[in-house]
Amino acid sequence: MDMISQLPEHIIHDILSCVSNKDSARTCVLSRTWRHLHATKPIMVFNHFEFDPHVYAHRFIPNSNRQLPSTKTPSEKKELFMDYVDSSMKRFFHQQHHSPRLRKFDLTCCTYDDATERDFGRIDQWLRDVIHNGTDTLCLHIISYRDHTYPLPQCVLASQMLHELCLSGSLLLDACRNISLPSLRVLTLCNVHNVHDDLAKHLFSGCQFAEVLRIKDCRNLVDLQASSLARLVELSIESCSFLRTVEICSLNFQLFSYSRSKIPPDIILLGASKTLRKLKQEICGIGPQSPFHQVSTFIQLEELVLEYVDFGKLPKMRISSQSLKKLVIRSLQNMKGVVEIECPNLDAMEYTSNLMPFHSLSPLNPKHFRLEFHLLAFQHVIWLEALQMLFSNGFSTTKYPKAIIVLKDHKEVVILDLDGGLIEIMFSFLCRVEDLESTSKIIIASSFVDLKNEILTPMPPYMAFNMASSCTSNFSQIFSEKLSRIIVPRSYIVEKDTTTVNIPFVLREYLTSSYQVTRIVSKWDWTV
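Cut-off values and rules
Throughout, a residue's number is its position along its own chain's written sequence, starting from 1. Since the coordinates come from a predicted model, pLDDT governs what is reported: local features require at least 70, and pairs of side-chain atoms require 80 or more to be given and counted, while whole-chain, interface and lining totals use all residues. Excluding hydrogens and water, the side-chain figures rest on all heavy atoms present in the structure. What makes a salt bridge here is a side-chain nitrogen of Lys or Arg within 4 Å of a carboxyl oxygen of Asp or Glu, nothing more. Numbering of helices and strands starts at the N terminus; helices are DSSP runs of H or I of at least 4 residues and strands are runs of E of at least 2. A pair of aromatic rings is counted whenever rings of Phe, Tyr or Trp (Trp by its six-membered ring) have centres within 6.5 Å, and the orientation is called stacked for planes under 30 degrees apart, edge-to-face for over 60 and tilted otherwise. Using a 1.4 Å probe on the protein chains alone, a residue whose accessible area is under 20% of its type maximum counts as buried, one over 50% counts as exposed, and one in between counts as partly exposed. Strand pairing is assigned whenever DSSP identifies at least 2 bridges connecting the two strands. Note on terminology: a nonpolar core comprises buried Ala, Val, Leu, Ile, Met, Phe, Trp, Tyr and Cys residues joined through side-chain atoms within 4.5 Å. Angular values range over 0 to 180 degrees, each being the angle between N-to-C directions of two axes fitted as lines to C-alpha atoms, with helices fitted over their stretch in contact. Working rule for angles: under 35 degrees goes down as roughly parallel, over 145 as roughly antiparallel, 65 to 115 as roughly perpendicular, anything else as oblique. Residues count as neighbours in contact if any of their non-hydrogen atoms are within 4.5 Å of one another. The nonpolar class holds Ala, Val, Leu, Ile, Met, Phe, Trp, Tyr, Cys and Pro. Asp, Glu, Lys and Arg form the charged class, and all remaining residues, Gly among them, are polar.

**Student:** It is not clear to me how the pattern of salt bridges should be interpreted in this structure. Could you clarify?
**Tutor:** Opposite charge on two side chains permits pairing when their charged atoms draw close. Enumeration over the complete set of coordinates arrives at 19 salt bridges. Between R277 and E302 there is a salt bridge; the shortest N-O distance is 2.9 Å. With R277 in the loop between β13 (266-269) and β14 (278-285) and E302 in the loop between β14 and β15 (303-310), this residue pair connects regions lying 25 residues apart in the sequence. Two residues, R330 and E350, come together in a salt bridge whose shortest N-O distance is 2.9 Å. Pair noted here: R330 is in strand β17 (residues 326-330) and E350 is in strand β19 (residues 348-352), with a separation of 20 residues, a long-range link. Through salt bridges with shared partners, a single network forms among K78, E79, D83, D86, R118, D119 and R122.

**Student:** Would you mind showing me how to read the packing of aromatic side chains here?
**Tutor:** Any two aromatic rings considered together are summarised by their centre-to-centre distance and by the angle between their planes. With the rule as written, the count across this model stands at 8 aromatic pairs. Relative to F358, the ring of Y351 lies with its centre 5.0 Å away and its plane at 55°, an arrangement referred to as tilted. A residue is classified by how much of its surface remains accessible, and Y351, at 0% relative accessible area, is buried.

**Student:** Any chance you could explain the pairing of strand β11 (residues 245-248) here in plain terms?
**Tutor:** Put simply, side chains in a regular strand alternate between the two faces of the sheet. Where strand β9 (residues 223-226) meets β11, 4 bridges bridge the pair, whose relative direction is parallel. Paired with A226 across the two strands is I248, which belongs to β11.

**Student:** Just to check I follow, could you spell out the nonpolar core for this structure?
**Tutor:** In a soluble, globular protein the nonpolar side chains are often hidden away together inside. Judged by nonpolar contacts, the single largest core of 119 residues is most densely connected at F105 and I319. I443, A445, F465 and F479 belong to the second-largest nonpolar core, a separate cluster that totals 18 residues.

**Student:** I would appreciate a short explanation of unusual backbone geometry in the present structure.
**Tutor:** Trans peptide bonds make up the majority, and among non-glycine residues the majority have a negative phi. Positioned with a positive phi, S239 is a non-glycine residue whose angle comes to about 55°. Mapped onto the secondary structure, S239 falls in the loop between β10 (234-238) and β11. Positive phi is not limited to glycine here, since S331 has a value of about 50°. Positionally, S331 belongs in the loop between β17 and β18 (339-342).

**Student:** Got a minute to help me understand the sheet that holds β11 in this structure?
**Tutor:** Strand pairing in a sheet is mediated by backbone hydrogen bonds. Such pairs are either parallel or antiparallel. Spatial strand order, β9-β11-β13: 3 strands in an open sheet with parallel pairing. Bordering the open sheet on either side are β9 and β13, each of which pairs with just one other strand. Neighbouring strand axes in the sheet, compared pairwise and without regard to direction, differ in orientation by 10° on average. Of the strand pairs in this sheet, β11 and β13 are connected by 4 bridges, and their pairing is parallel. Bridged to T245 within β13 is D266.

**Student:** Explain the sheet that holds β18 to me, please; I cannot follow it from the model alone.
**Tutor:** A sheet is described by the order of its strands in space; here 3 strands give the open sequence β16-β18-β20, paired in parallel fashion. Pairing within the sheet leaves two strands with one partner each, and these edge strands are β16 (317-320) and β20 (358-360). Averaged over all adjacent pairs, the angle separating strand axes in this sheet is 15°, with direction ignored. Bridge analysis of β16 against β18 gives 4 bridges, and the strand direction is parallel. The partner of M317 across the bridge, within β18, is V339.

**Student:** What is the right way to read the packing of helix α7 (residues 380-392) against helix α8 (residues 422-431) from this model?
**Tutor:** Helix-helix packing is described using two parameters, namely the angle between the two axes and the distance between the axes. Running from N to C, α7 and α8 cross one another at 170°; their axes reach a closest spacing of 11 Å. Between α7 and α8, the angle is such that the two are roughly antiparallel. Across the interface between the two elements, H380, L384, L387, Q388 and F391 from α7 touch I423, M426, F427, L430 and C431 from α8. Of the residues that constitute the contact of α7 with α8, the class distribution is 8 nonpolar, 2 polar and no charged.

Right under this line is the structure:
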């Protein structure tokens, strides 16, 4: 019995929407039921870059008719792409009485020849058909290599059913005077250089029910007034170098993300400070009005993420919050002092830094914990004091933490199950700073780390793993099984080394009836 022919039509459409247009068309040979369904799937994605892989090279070719490694010129390839989209659209709407309502229309199109005006006219017709059909999601990315801007038709910004709108590239929005998007919930503006402060304010006033706003690389924005978005829940800003102020007035605001700007804007939260739950700052500086300085006032803040943040001339950094549950700090820049953390209700914490350690001003007992650093000579004493203070303050996790010390250019790895007295072994290792190189990595985590990506990449020809644990623990066995599944057996030989003299000296002195050390060596199989 032909089971796939018995599938409901909406199930087949969902399946076809998960594959590319090319693979979707190939399914027409499966059965009569599938023969024409690829033309009526409710998600339509047309990408010029996938149709013509050499399209990026066209902008660097002065003569658009110059031949690339192909039998057709760039103009001819572009015309084929436009014809393909045109025929697909006509086929879909021709069978509209059999087709479902279009859920998503995603178009990425490039223009680089003298037929730009004619191309824009065809795009206008596609958009009118899509809006008339009542699509939920519209993504439009126009790339013009000759400084042509595509004037967005009025029908797009006056759609009554559009739920998500993503605009990117060489678009002109000034011609759209009457903006009314009552159903819009998600708005994304990416690399739209013509969007300025007044236009953004006018655009926001027409989509007052929007809940998610994403802005990326809009260089003409200086003063972002988003106070008209009274239901805003999430705001993400990336690579807006000239942005200076952001004003938000929403009682539902929960997530703010800002990244990739040396000079951060001043953030004005009018009433939104009481509802903010997640704050993320990445690859940027810390200004006087940065939300980071207001962490203690965010009474519902649950997650704080700081990545590659430049603290400039700030003498110290302090994070104090009673509601914070997750804290992620990675690669702080220009830190002059120790990071002070006072978050007694943390459930998860990650701290990765080579500059300064942190001091916890309250007992720290997260369920998920990860600390990674390089023990450099000039910071040796500071890091040891911070670790001793951490463990002396009753630090513990639901799963006993593991310490991984990678030595000698990733050739020797020491893994300690910090259960009981093995904490003493860890400090014995760290006190021998002369044995630790600048490339040595120390990881203290509440669970097993990603061995393949963090330790075994790149995989050296020889690597030894020394696992120390109590005699009653099965830690060594569990780790050995994980290691054997990761290392390729055809290329490497994994074997147990029973020679005691090869075990690092600091571990040998702890070989007693209470502790055990298992050494596993992986080496390249030169016979393969």
